[in-house]
Amino acid sequence: MEWVNWIFGILYFLLIISTVVSVMLDNHEPAETIAWIIAIVAIPGLGLLLYYFFGQNIRRKRVIGKRSVDLLTRKIMSKYVSQESYYKEDDEDVALIRFFKRHGMALPFGGNRGQYYTYGREWLIDLLRDIGRARHHVHLEFFIIENDPVGQLVKDALLDAVKRGVRVRLIYDDVGCWSVRKRFFREMADGGIEVESFMPVHVPVLAHRVNYRNHRKLVIIDGRTGYIGGMNLALRYVRGVHGGEWRDLQMRLQGGGVWAMQLLFLADWYVACKQMITDPVYYPDVGKWPSQEGALIQIVQSAPFSAWPNLLMGFNKVIQSARRYILLQTPYFMPTASLISSLQTAAMSGVKVQLMVPKRPGGFWMTWANESYFGDMLRAGVEVLLYTPGMLHAKLIVVDDHFVSVGSANLDFRSMLDTFEDSALIYDDEMALRAKALYKEAKLKCERINLQRWNKRNLRRRLIESFVRIFSPMF
């Protein structure tokens, strides 16, 4: 039977070679490509399976009907092209606004009022209150919805809304809710809620869907009130974990920006169930939103099928345009090479750059992955802060007392390149100062990393961090 082993060995070798070629042709980020090649070659069998399920680049396969989504977007947006009157051509923000408008079809909307939430309890109370006031529709989209006290509270509020004649639509990510029994969602559907899972995972198509997940967190109520940020519907976002607090960032929005959130939800709704909704009743007349008072906002989305990584390129542009300071909060800091370069360049140019991450982001593996990038930041002059009371899950960027980004995207490879994300880009001094105050409040609970002490880490710790960093683009 020795010949069988020879044949098996040759076939396996050919499979390895063909897979490595496929990885190279996928044109991932160089670091991600190297990580996958190492995994495939160094971990027999398992490396191939991991790449098959999590690594394939399916952007060109357009499994989610990009053309139809674009058609929906352009059809509705054509009615509101006049929104560009909400900003002046000589504004300092015009270059960034134009970029997202051209490449992400993200129109700028004025007259917005926003309220920030850093803790889930306050956010949940207001969310339930707004659902209780809904008269026409409630649209929700979350990466995680747990069947726990928080999930049950929201489910009951939505069922009550249906009884009042409110149209309720819900999108949940199939992988994000893998641990939730389908009975939980069937109960919603039986009660009249329209429930759809985003790109459900079945074994025959697992490789094409498990890697590209919908990480957005959106709520739109009657087309006039919206929520966007980093909070999911789960008890830990209210109570924390293991005795520690959970600090996050969510924003309640009223104004023209809600219209853009509605568009994003309905585009995802089409992806989930192939139902195209263009009824103008879901889009209150934007002309009635005040254009002179309130913040100017763009709702920006990124998706794996996009021709360009919109958020990654936009964040790089924001960082490069900073003049005085950049404040960053993210739970997971595994940046692309371009983000590393932008942050280093800003810090080395005299811009004050502060990076805040949780001291315990969830397991040793994630801690090591985050820490493997600290040296790159510290040597360039970036101040690295570790949030100590518990989990810091906020995704926040504040620049020069004027610009704020609040959304679902982490500063890591996956959020920038492989998942469906969103962010509210806010061009407003008052909202920037409020976000800055929240950052300063969190900073009081942080430890600052000293570069000299950091360089004295023992060899074992450095080796572990370097090893984990190799595979961090795969997380």
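The rules behind the values
Within each chain, residues carry numbers counting from 1 in the order of the written sequence. Only residues with pLDDT of at least 70 get local features here, since the model is predicted, and only at 80 or more are side-chain atom pairs given and counted; chain-wide, interface and lining totals rely on the full set of residues. Hydrogens are left out, water is left out, and the side-chain values use all remaining heavy atoms of the structure. By convention in these notes, a salt bridge is any Lys or Arg side-chain nitrogen within 4 Å of a carboxyl oxygen on Asp or Glu. Only runs of H or I of at least four residues qualify as helices and only runs of E of at least two qualify as strands under DSSP, and these elements are numbered from the N terminus. Note on classification: 1.4 Å probe, protein chains only; a residue is buried when its accessible area is under 20% of the maximum for its type, exposed when over 50%, partly exposed between these limits. Axis geometry follows a simple rule: fit a line to the C-alpha atoms, using only the stretch in contact for helices, then measure angles between N-to-C directions, giving values from 0 to 180 degrees. Angles are sorted into four bins: roughly parallel if under 35 degrees, roughly antiparallel if over 145, roughly perpendicular if 65 to 115, and oblique for all others. When the near helix sits turned anticlockwise from the far one by under a right angle, the crossing is termed left-handed; a clockwise turn instead gives a right-handed crossing. Only heavy atoms enter the contact rule, under which two residues are in contact if any of them lie within 4.5 Å. Nonpolar residues are Ala, Val, Leu, Ile, Met, Phe, Trp, Tyr, Cys and Pro. Charged residues are Asp, Glu, Lys and Arg, and all others, Gly as well, are polar. Each residue carries a pLDDT score, the predictor's confidence in it, ranging from 0 to 100.

What follows is about the pattern of salt bridges. Close approach of charged atoms allows side chains with opposite charge to pair. Evaluated as defined, the whole model comprises 21 salt bridges. Measuring nitrogen to oxygen at the nearest pair gives 2.7 Å for the salt bridge that ties K155 to E187. Of this pair, K155 sits in helix α7 (residues 149-163) while E187 sits in helix α8 (residues 182-190), placing them 32 residues apart in sequence. Assessed through its relative accessible area of 6%, K155 is described here as buried. Ionic contacts of the salt-bridge type, sharing partners, join the residues D130, R133 and R252 into one network.

Turning next to the packing of helix α6 (residues 120-133) against α7. The geometry of α6 relative to α7 is characterised by a closest axis approach of 9 Å and an angle of 15 degrees between their N-to-C directions. Taken as axis vectors, α6 and α7 run roughly parallel relative to one another. Crossing of α6 over α7 shows right-handed handedness. Where α6 abuts α7, its residues L124, L128 and I131 lie against V150, L153, V154, A157, L158 and A161. Considering only residue class, the contact of α6 with α7 consists of nine nonpolar, no polar and no charged.

This paragraph deals with the confidence of the model for the protein. Per-residue confidence for the protein gives a mean pLDDT of 84, with 76% of residues at or over 70. Predicted confidence for residues 59-65 stays below pLDDT 50, and this span has 18 contacts to residues more than four positions away or in other chains. Long-range and interchain partners of residues 204-208, a stretch whose pLDDT sits below 50, account for eight contacts in this model, where long-range means more than four residues apart.

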